[in-house]
Amino acid sequence: MVGTTVAGRWGLSLAALASSMLVAPAHAEEAEDQAPSGTIQEITVTAQKRRQSVQDVGITLSVVSGDSLAQAGASSVTDLTSLVPNIQANYGAGQVAFNVRGIGTNEFSANLDSPVAINVDEGYLAKTFMSGLLLFDIDRVEVLKGPQGTLFGRNATGGAVNFFTRRPTSELAAGGTVSFDNYRTLRAEGYVSGPLSSTISARLSGMVTDQGRGTYRNLTLGRREGFEKKWALRGQLLWESGPDSVLVTVFGGQQNGELQPYEGVGVFTPASVAAGAPVFCGAYLAGRATGGNSGCVRGTDGLFPGDNDPFTSNNNQPHTVRNRSIGATVRYEHEFDGATLTSLTSYQTFTRRQHEDSDGSPVNTIDVDYYNRIRQFNTELRLTSNGQGRWNYVLGLYFERDAYRNGDYLQIARGAAPGFYSPFTQTSDAIAAFFHNDVQLTDYLSLTAGVRYSWEKVGLKGGTFAGTGLGGNPLAPTTIVATLAQADTSRTDDDANFKLGIEWKPDVSGMFDKFMLYANVSTGFRSGSYNAEFTATQSALTSLAPEKITAYEAGFKSLLANRTMQLNAAVFHYDFRDGFINVDSATSPIPVTINAAAINTWGAELDWQWRPINDLSVGMVLGWLDSRIDSDITSGGASLKGARTVQSPRWTFTAQGSYMPAIGNGLKLILAADGNWRSSQFFETVNSPSSLEPGFWLVNARAGIGAEDDRWSLTAFARNLTDTHYRTYVNDLPGFGWVLNIYGQPRTYGLAANFKF
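Conventions used here
In every chain, residue numbers begin from 1 and rise along the written sequence. For a predicted model such as this one, the threshold for reporting local features is a pLDDT of at least 70, and the threshold for listing and counting side-chain atom pairs is 80 or more; totals across whole chains, interfaces and linings nevertheless cover every residue. Hydrogens and water are ignored here; the side-chain numbers use all heavy atoms of the structure. For helices the rule is a DSSP run of H or I covering at least 4 residues; for strands it is a run of E covering at least 2, with both sets numbered from the N terminus onward. A radius of gyration in this sense is built from C-alpha atoms; the matching globule rule multiplies 2.2 Å by the number of residues raised to 0.38. Burial status follows relative accessibility: with a 1.4 Å probe on protein chains alone, a residue under 20% of its type maximum counts as buried, one over 50% as exposed, and anything between as partly exposed. Contacts are residue-level and defined by heavy atoms, with any inter-residue pair within 4.5 Å sufficient. Computed with a 1.4 Å probe, the accessible areas rest on the Shrake-Rupley method; for each residue, only the protein chains presented here act as cover. His is not counted, nor are the chain ends; Lys and Arg add positive charge and Asp and Glu add negative charge. The atom standing in for a charge is NZ when the residue is Lys, CZ when it is Arg, CG when it is Asp and CD when it is Glu. For the purposes of this analysis, a disulfide is any pair of cysteine sulfur atoms at a distance within 2.5 Å. Any two strands are treated as partners once DSSP identifies two or more bridges connecting them. Note on geometry: axes are C-alpha line fits, over the in-contact stretch for helices, and angles between N-to-C directions span 0 to 180 degrees. In protein, a polar contact means a hydrogen-donor-capable atom and an acceptor-capable atom, both N or O and within 3.5 Å, with residues adjacent in sequence counting only if both atoms are side-chain atoms; elsewhere, any N or O pair within 3.5 Å suffices.

Novice: Quick rundown of the overall build of the protein chain? Include the residues and the values.
Specialist: On a plain count of helices and strands, the protein chain comes out with four helices and 45 strands. Taken over C-alpha atoms, the radius of gyration comes to 25 Å for the protein chain, in line with the 27 Å a tight globule of 757 residues would show. Judged by the C-alpha coordinates and their principal axes, the protein chain covers about 75 × 60 × 50 Å. Looking at the protein chain residue by residue over its 757 residues, the buried ones come to 61%. Across the protein chain, every contact between residues at least 6 apart in sequence was considered, and the portion connecting residues at least 24 apart equals 68%. On the protein chain, roughly 26,500 Å² of surface is accessible, and the fraction owed to carbon and sulfur atoms is 59%. Where the 60 positive side-chain charges of the protein chain centre and where its 71 negative ones centre are 3 Å apart.

Novice: How would you sum up the state of the cysteines? Please name residues and give values.
Specialist: Under the criterion given, the structure shown has one disulfide. Here C281 is linked by a disulfide to C296, with a sulfur-sulfur distance of 2.0 Å. On the sign convention where negative is left-handed, the bridge of C281 and C296, at about 110 degrees about the S-S bond, is right-handed. Of this pair, C281 sits in the loop between helix 3 (270–274) and helix 4 (282–285) while C296 sits in the loop between helix 4 and strand 18 (312–313), and the two are 15 residues apart along the sequence. Given the relative accessible area of 2%, C281 is considered buried.

Novice: Account for the sheet that holds strand 6 (residues 116–120), naming residues and giving values.
Specialist: Overall, mixed pairing links the five strands, which are arranged 3-8-9-6-7 in an open sheet. Every other strand in the sheet has two partners, leaving strand 3 (61–65) and strand 7 (123–125) as the edge strands with one partner each. Pairs of neighbouring strands in the sheet enclose a mean axial angle of 20 degrees, with direction left out of account. Relative to strand 8 (residues 138–145), strand 3 runs antiparallel, the two being bridged by five bridges. Following the sheet pairing, S65 is matched in strand 8 by R140.

Novice: An account of the pairing of strand 45 (residues 748–756) is needed here, citing residue identities and associated values.
Specialist: Note: strand 10 (residues 173–181) against strand 45, seven bridges, orientation antiparallel. Bridged to G176 within strand 45 is F755. Inspection of the sheet shows strand 42 (residues 712–719) paired to strand 45 by eight bridges, in the antiparallel sense. Residue pairing for strand 45: W712 is matched across the bridge by F755.

Novice: Now, about the side chain of R452: what can you tell me, with residues and values included?
Specialist: For R452, the position within the fold is in strand 25 (residues 445–468). Here S454 takes part through its side chain, which lies 2.7 Å from a polar atom of the side chain of R452. When near neighbours in sequence (up to four residues on either side) are disregarded, R452 contacts G149, T150, F152, G153, R154, N155, A432, A433, F434, D495, A496 and N497.

Novice: Lay out unusual backbone geometry with the relevant residues and their values.
Specialist: Residues N473 and P474 are joined by a peptide bond in cis, for which omega reads 5 degrees. Structurally, P474 is set in the loop between strand 25 and strand 26 (479–504). The phi dihedral of N562 is positive, around 55 degrees, even though this residue is not glycine. Even without being a glycine, D723 presents a positive backbone phi close to 55 degrees. Inspection of the secondary structure puts D723 in the loop between strand 42 and strand 43 (727–733). For D723, a relative accessible area of 28% puts it in the partly exposed group.

So, in structure tokens, the structure goes:
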């Protein structure tokens, strides 16, 4: 993959997931209080490092329960995007980076951290390729929007997506889920948990995915491709004695198989390519070029895909993936009379090895072999009040050390011509101190104030070289022809961030069962870095200054109609400065990351749910977003001022409903459906016509039976029921003579079984 954006989104909208956020079917241990039958049950979250009802947290927060993830067969972190307004998942070349309210990443290089943090059990994942093996045995997912520096170890400008795994239990328990679909994909997940002694308990969980029929039909290779294959394990040991507890977690896994291939659509007229003087075809300039358009051919082979079926491919090499992860986390807690001391230490190593046919054609033009390895260590020490007094606080220290190695090789004609080889190492050291306060001034009014200081140092050694030939493990040039760009340098950045907020909970019992108004202003910081991938000249290897953001948000949260209805809403404005964006440049064969974007964002979100009777729940989530580049910068000679940010649809909408009545003999009927709509969006910073994806709907449904006590269920499911064709990734490369497209999953249907003992 070579291009402007590492962008994409699985537009999978899962009925059970939507139910979890909109209808909130929480576990008993998740609820702050057991709500009466037939009312909306409030979920307890730890977004502010202590247990609170989601309706008592004065920030925009969405929660997805683990049971709903398992029931729906969600297999990727990208499956969250259809449920939460104004959030997308940029997916390309095996990297997943979330885009929240127009703040995200479209950088090509894997050495750059995302502005939206991913945390697993409060442990930060530094790189966007590290999230492919974590989604199993999940208790819940909390999605927070806006800067989060005063509460979390690693700072983030756009938000945080926090995954919490299930812990060992004091009683013996076991369970799992198994599904099989029309692409012969077997997905299985299971766990066993229980006590080993009066003070020690353990949990072992795992997942496996084995796809037997590829999603794509490759016309060049004469076989199917796009096989997903992966497995992962997680073991936990919990020791509890009086005020002390220690939780040790060890995890690891492998991701094998194949990634989605590209549809390589041509951009030149056939006659101009034959004459050796390529001219853009009219359909490309209008943004209407398709795989079946014979009037638009690729500049490399003079051919076009041959049909408009997005699930046929022409590449002569499969997109293979061989990723590995292993790590451990140790969490120690000591309970004082009024506070908890927490020490959290984590180490993880992740190796990414992928090969792709980057032109999507039957000839050897451009291929990329990715080799990225990170060794990450982080530790956090914090003191958190127990939430019982009028003053509550979080005081923390954080340290992180990353050692990243890059060995990506962009080959031309399989090494026959000089390609671009980028071997470099990057080290990152981060130190931070943060202090967050909530003060209840009266029974109705509370103030929030937080501050954070961050110091970060990033070092780079290596560069980009022109090379020929193929050899070694991992693949690299056998001959270095020239040094194109090289550096042995470092940069140090520091910043102080703050958060100020107010919460008002008036007594409006005549209208609402529960009501809160809130407003916040906060700032965020993303450390500087380097544009170092495939830099063709020394001037392209640039140092990037930190991103900075000031975020304003106000909203309300409410329960009404005897707690059978929930209505939450928020408005927000972001002032984003020095953002990382990708632009075309004569100094590099791929777009370069620059440090010049100011982004102005306005938006609003509405979350409504209703449970009119015990067995029926309905809901909707609506988001509006206007996010545009406010800097007078150019790309390829065109001004970007006023351009919409990538993957920022103006409107997002999800509606869902579920009906689960008892049918006798301890059984219940399971009926659920949801629809998700997104308006048009661009996949390229330059807002080129070919990168504009029109708005589309995705519809999903499931039906089945299960036990009333939720011990088991058997359901039939259909995802993308209407078989909508929509792109999740676009890479407009007119200089190479093609547009590369990746599409979301076609209609998928099958059976799923869930069970608990």
